[in-house]
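Per-entry structural report
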Amino acid sequence: MEPSLIYKALSNETRRLIMLWLKKPEEFFDEQAYLKQGLNFQIGVCVGDIQAKAGLAQSVISSYLLTMQKSGLLESERIGKWTYYRRNEKTIREFAEYVQKEL
């Protein structure tokens with residue numbers, strides 16, 4: 001875990017919103033489309049759905065997701081031509097413990 005990378009990733013409001021959306025994807029995204037494909041939100045949320053929710057260009061969202069993945073906040077899984085992102089709860093717990101101890 002690299003705290004400075006996590007602080008940078010969380011310094012952007014949209015990236016913080018993405019973390020919230022991925023915490024409870026059933027509240028922010030339609031799981032029916034996933035279920036029809038034999039998937040669920042355990043694998044994550046498709047980049048296209050995150051992009052549509054954010055209302056930003058796909059290239060911007062891809063850059064945000066990559067920053068968050070490099071910081072350790074997100075994990076990704078590619079299925080076919082689609083990439084799905086989910087929270088990395090282990091890193092989030094470690095970061096929360098770090099903040100509590102060090103700040």
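Positions within a chain are numbered from 1, following the residues in the order the chain's sequence is written. Given that the model is predicted, a residue must reach a pLDDT of at least 70 before its local features are reported, and side-chain atom pairs must reach 80 or more before they are shown or counted; all residues, however, enter totals for whole chains, interfaces and linings. Water and hydrogen atoms play no part in the side-chain values, which are based on all heavy atoms of the structure.

Some points on the UniProt feature "domain: HTH arsR-type" (unreviewed entry) in the protein chain
- UniProt positions are given in the numbering used here, feature names are shortened, and annotations may be inferred rather than shown by experiment. If you check UniProt for "domain: HTH arsR-type" (unreviewed entry), the listed places come out as residues 1–103 in our numbering.
- For the annotated span residues 1–103, helix accounts for 61% and strand for 14% of the residues, and the straight-line distance between the end C-alpha atoms is 16 Å. Secondary structure elements follow DSSP: runs of H or I of four or more residues count as helices, runs of E of two or more count as strands, with numbering from the N terminus.

Section: the environment of glutamate 31
- In this structure, glutamate 31 sits in the loop between helix H3 (25–28) and helix H4 (32–36).
- Judged by its relative accessible area of 26%, glutamate 31 is partly exposed.
- For the pair glutamate 31 and serine 62, spaced 31 residues apart in sequence, the C-alpha separation works out to 21 Å.
- What makes two residues a contact is simply this: any of their non-hydrogen atoms within 4.5 Å. Once residues within four sequence positions are removed from consideration, glutamate 31 is found in contact with Asn40 and Phe41. Here the term buried applies to any residue with accessible area under 20% of the maximum for its type, exposed to any over 50%, and partly exposed to those in between, with areas from a 1.4 Å probe on protein chains only.

What about helix H6 (residues 58–71)?
- The end-to-end C-alpha separation of H6 is 20 Å, in line with the 20 Å expected for 14 residues at 1.5 Å each.
- Buried within H6 are the following residues: Ile61, Tyr64, Leu65, Met68 and Ser71. What you see down the axis of H6 is that its buried residues fit within an arc of 125 degrees, all on one side. Away from its buried face by more than 90 degrees, H6 exposes Ser59 and Lys70.
- Taken together, the buried residues of H6 touch helix H1 (3–9), helix H2 (13–23), helix H5 (47–54), strand S2 (74–79), strand S3 (82–87) and helix H7 (89–102).
- One or two positions beyond H6, positive phi appears at glycine 72, with a value near 95 degrees. To estimate the expected span of a helix, count its residues, drop one, and scale the result by 1.5 Å. Directions from the helix axis toward the C-beta atoms define the arc.

A look at the nonpolar core
- Side-chain atoms within 4.5 Å link the members of a nonpolar core, which is a set of buried Ala, Val, Leu, Ile, Met, Phe, Trp, Tyr and Cys residues. Judged by nonpolar contacts, the single largest core of 25 residues is most densely connected at Ile18, Ile50 and Leu65.
- Among the elements of the structure, H1, H2, strand S1 (45–46), H5, H6, S3 and H7 are those that each provide at least two residues to this core.
- When neighbours within four sequence positions are excluded, isoleucine 18 is seen to be in contact with Ile50, Ile61, Leu65 and Met68.

Overview of the packing of H2 against H6
- It is at 10 Å that the axes of H2 and H6 come closest, and there the two elements cross at 70 degrees. The pairing of H2 with H6 is recorded here as roughly perpendicular in orientation. Contact residues: Thr14, Arg15, Ile18 and Met19 in H2; Ile61, Tyr64, Leu65, Thr67 and Met68 in H6.
- Amino acids outside the nonpolar list (Ala, Val, Leu, Ile, Met, Phe, Trp, Tyr, Cys, Pro) and the charged list (Asp, Glu, Lys, Arg) are all regarded as polar, and Gly is one of them. Of the residues in the contact of H2 with H6, the class split is 6 nonpolar, 2 polar and 1 charged. Only C-alpha atoms enter the line fits that serve as axes; for helices the fit covers just the stretch in contact. Angles between N-to-C directions range over 0 to 180 degrees. Here the word oblique covers every angle except those under 35 degrees (roughly parallel), over 145 (roughly antiparallel) and from 65 to 115 (roughly perpendicular).

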